[in-house]
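What follows is each chain in one-letter form.
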Amino acid sequence: MCGIVGMVHPSAVNQLIYDALLLLQHRGQDAAGIATQMDRKFFMYKAKGMVRDVFRTRNMRALPGNCGLGQVRYPTAGNAFSEEEAQPFYVNAPFGIVMAHNGNLTNAHALRTELFTLDHRHTNTESDSEVLLNVFAHEIQMASGSRPLTNAIVFQAIRAVHRRLKGSYAVIAMIAGFGLVAFRDPYGIRPLCLGKSSDGTAMAASESVALEGLGVPFYRYVEPGEAAIINLQGDIEMQQCAEHAVLNPCLFEFVYLARPDSELDGVSVYRARLKMGEALAKRVISMVPPSEIDAVIPIPESSRPSAMQLAHVLGIPYREGFVKNRYVGRTFIMPGQSVRKKSVRQKLNVVGSEFKDRNVLLVDDSIVRGTTSREIVQMARDAGARKVYLASAAPPVRYPNVYGIDMPTQQELVAYNRTVEEVREIIGCDALIYQDLGALKTAIHALNPAIRNMDASCFDGVYVTGDISDTDITRMQDERPKSSEDSENTSRLALPNAEAQV
């Protein structure tokens, strides 16, 4: 999961891209980068850290031009600790191209070999995004020959790119003297939308919230397999470049990744989470009599809409029992087990009066490793709760995600190869209620009937690209960024009485 943005504007874009990256900060906290162009020359700055920490006034002044792109990153493959793998990436031939990528190529290993042996191109990092950039550059070179670059040539190159790449990719590229190119994989797994205003501003971004925050009117979504070319005057040309494109957006985007004030592929994330709460209420009723629940308490932030709607349906008071420190990052995307675990109590503090002598139903968006859930349940008990029930707005996460979400290895997932009762014992709650996958898909479909299928691979193990084997999963998990602690802590998950992992 990363956040990408690109913009053409009548005046300087550096501050606008910076502001857009702040709006997309929730999609990645590991590194940030911005590249701009002026007079066919690129200017770029990138580093590890949050947007507000990476860029200083001197860096912003060194990013002139009215065309640019940026990315916020968290690592899904390669070296999580190398600033060289921060994006954007750059190649000087043909024409000069800078690229930012959200997603994950499932055939990056084979492509890297092809690039060296057949295309005679060199990659210098372990990042699949650098592989993607070089494939794109090679196909533009093959399509253009010695001719000047045109929109038709770029669309032809993207058609060839689609034939070579497998996996998920939402891409924004900048070509020197030409403009921006945005395209999306044929399954539409990762989101991408466009904005356009009458003053010549045109913009591409991962989520609509970035457009709204900058006051750029929404134009349209980039459809699966489609490409958009934005020239330096802000004109947009679209073309479908994939032979068999079908929309399969990532279900986890609606559950957790996206901001609630965004719309993805015609679906309001906020309304989707309300629908999740309605569906989850039915599951709760089947397992815990509502008369035994004194309050519904969300685990902030992503679960709030679901928890509010669940409480409304059950007729139970909704209460805020946890106060969040907004200056601590999202634990799900923090590398390093001890960092994640330590940050739970730094991030959340209880409002004791909401727990004292009460039976509480805690609502979370999802349960991945389980350690955060265990810590929070214990915090509720320490605050005096008589009984602590836990409901997840998502089904059990039992399978790794290979399309750009840094899910743990399968053995680290608390629900992997365990029954719900076994997971409940590890977490330590009095009842554990999971969302039903079918109900979750129905909730999204009801908001946009055009979405007939979704990537729900982390829940059901069905990989929509149809090219993932057990060997592929093992290899990609080996390529995941690891801290020195990961190997120490993974084995402890297998022990029911051991400290569970998050």
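1. Notes on the overall build of the protein chain
Within the protein chain one finds 17 helices and 21 strands. Taken against the 2.2 N^0.38 rule, which gives 23 Å for 502 residues, the C-alpha radius of gyration of the protein chain at 23 Å falls within 12% of a compact globule. Projected onto the principal axes, the alpha-carbon positions of the protein chain cover approximately 75 × 45 × 45 Å. By the burial criterion, 63% of the 502 residues in the protein chain qualify as buried. Counting only contacts in the protein chain whose residues sit at least 6 apart along the sequence, the fraction spanning at least 24 positions is 71%. In the protein chain, the 53 positive side-chain charges and the 55 negative ones have mean positions that sit 3 Å from each other.

2. Here we look at the sheet that holds strand β3 (residues 41-48)
Pairing is antiparallel in the open sheet, where 7 strands are placed in the order β3-β2-β4-β1-β10-β9-β11. Both edges of this open sheet fall to β3 and β11 (218-221), since each of them pairs with a single strand only. The sheet shows a mean angle of 15° between the axes of neighbouring strands, taken without regard to direction. Where strand β1 (residues 3-8) and strand β4 (residues 67-73) come together, 6 bridges link them in antiparallel fashion. What sits directly across from Ile4, in β4, is Gln71.

3. What to know about the packing of helix α4 (residues 108-117) against helix α5 (residues 128-144)
At a minimum axis separation of 10 Å, α4 and α5 run at an interaxial angle of 45°. Classified by the angle their axes make, α4 and α5 are oblique. Relative to α5, α4 is oriented so that their crossing is left-handed. Here α4 contributes Ala108, Leu111, Arg112 and Leu115 to the contact with α5, which in turn contributes Asp128, Val131, Asn134 and Val135. Its residues assigned to classes, the contact of α4 with α5 comprises 5 nonpolar, 1 polar and 2 charged.

4. Side note on the sheet that holds strand β5 (residues 89-91)
The strand order across the open sheet formed by 6 strands is β5-β6-β7-β8-β12-β13, and the pairing between neighbours is antiparallel. The sheet is open, and its two edges are formed by β5 and β13 (236-240), each paired on a single side. Strand after strand, the sheet turns through a mean of 20° between neighbouring axes, direction not considered. Its contacts with the sheet put helix α6 (residues 151-164) on β7 (167-175), β8 (179-184), β12 (226-231) and β13, and the angle it makes with β8 is roughly 30°.

5. Some remarks on the packing of aromatic side chains
Taken as a whole and judged by the stated rule, the model has 10 aromatic pairs. An angle of 80° between the planes, with centres 6.1 Å apart, marks the rings of Tyr18 and Phe55 as edge-to-face. Highlighted residues: Tyr18 in helix α1 (residues 14-23) and Phe55 in the loop between α2 (51-54) and α3 (57-61), separated in sequence by 37 residues. Considering the side-chain rings of Phe252 and Phe459, the 6.1 Å spacing of their centres and the 45° angle between planes classify their relative orientation as tilted. With Phe252 in helix α8 (residues 251-257) and Phe459 in helix α15 (residues 457-460), this residue pair connects regions lying 207 residues apart in the sequence. Take Phe252: its relative accessible area is 1%, and that puts it in the buried class. Among the aromatic residues, those joined into a cluster by ring pairs are Tyr18, Tyr45 and Phe55.

6. Here's the deal with the environment of Phe42
With respect to the secondary-structure elements, Phe42 resides in strand β3. Relative accessible area serves as the criterion here: at 18%, Phe42 is assigned to the buried category. In this structure the C-alpha to C-alpha distance between Phe42 and Leu211, which are 169 residues apart in sequence, comes to 24 Å.

7. Notes on the nonpolar core
Ranked by size, the top nonpolar core spans 39 residues in total, and within it Leu251, Phe252, Phe254, Ile444 and Phe459 carry the most contacts. At the level of secondary structure, the elements contributing two or more residues to this core comprise α8, α9 (269-287), α14 (437-447), α15 and α16 (470-478). Ranked by the residues each element gives to this core, the list is headed by α8, at 6 residues. Within the second largest apolar cluster, 34 residues are counted, among which are Val91, Ile140, Phe155 and Ile175.

8. Structural notes on helix α10 (residues 304-314)
Three or more residues of α10 are buried, namely Pro305, Ser306, Ala307, Gln309, Leu310, Ala311 and Leu314. The inward-facing, buried residues of α10 abut α9, β16 (295-298) and β19 (359-364). At the C-terminal side of α10, Gly315 shows a positive phi close to 70°.

9. A few points about unusual backbone geometry
Along the chain, Ala93 connects to Pro94 via a cis peptide bond; the corresponding omega equals 0°. The residue Pro94 is located in the loop between β5 and β6 (97-105) in this model. Each neighbour pair has its own omega, and for Pro300 with Glu301 the value is 10°, a cis peptide bond. For Glu301, the position within the fold is in the loop between β16 and α10.

10. Quick notes on the pattern of salt bridges
Considering all chains together, one arrives at 20 salt bridges under this definition. Notably, a salt bridge pairs Arg164 with Glu139, separated by 2.9 Å at the nearest N-O pair. Remark: Glu139 occurs in helix α5 and Arg164 occurs in helix α6; sequence separation between them is 25 residues. In this structure Arg164 comes out as buried when scored by relative accessible area, which is 16%.

The rules behind these values
- Every chain is numbered independently, its residues counted from 1 as its sequence is written.
- Only residues with pLDDT of 70 or above have their local features reported here, since the model is predicted, and side-chain atom pairs are shown and tallied only from 80 upward, although totals for entire chains, interfaces and linings are computed over all residues.
- Water and hydrogen atoms play no part in the side-chain values, which are based on all heavy atoms of the structure.
- Secondary structure is summarised from DSSP: a helix means a run of H or I of at least four residues, a strand means a run of E of at least two, and numbering begins at the N terminus for each.
- Throughout, radius of gyration means the C-alpha value; the globule benchmark is 2.2 Å times the number of residues raised to the power 0.38.
- With a 1.4 Å probe rolled over the protein chains alone, any residue whose accessible area is under 20% of its type maximum counts as buried; one over 50% counts as exposed, and the rest are partly exposed.
- In what follows, residue pairs with any heavy atoms lying within 4.5 Å of each other are defined as contacts.
- Residues counted as positive are Lys and Arg, residues counted as negative are Asp and Glu, and His and the chain ends are not counted.
- By convention, the point assigned to a charge is CZ for Arg, NZ for Lys, CD for Glu and CG for Asp.
- Strands were regarded as paired on the criterion that DSSP finds at least two bridges between them.
- As a rule, the C-alpha atoms of each element are fitted with a line to give its axis, helices using only the stretch in contact, and angles between N-to-C directions run from 0 to 180 degrees.
- Roughly parallel here means an angle under 35 degrees, roughly antiparallel means over 145, roughly perpendicular means 65 to 115, and every remaining angle is called oblique.
- When the near helix sits turned anticlockwise from the far one by under a right angle, the crossing is termed left-handed; a clockwise turn instead gives a right-handed crossing.
- When residues are grouped by polarity, Ala, Val, Leu, Ile, Met, Phe, Trp, Tyr, Cys and Pro land in nonpolar, Asp, Glu, Lys and Arg in charged, and all others, Gly among them, in polar.
- Only the six-membered ring of Trp is used, alongside the rings of Phe and Tyr, when aromatic pairs are assigned; centres must lie within 6.5 Å, and planes under 30 degrees apart are stacked while those over 60 apart are edge-to-face, with the rest tilted.
- Note on terminology: a nonpolar core comprises buried Ala, Val, Leu, Ile, Met, Phe, Trp, Tyr and Cys residues joined through side-chain atoms within 4.5 Å.
- What makes a salt bridge here is a side-chain nitrogen of Lys or Arg within 4 Å of a carboxyl oxygen of Asp or Glu, nothing more.

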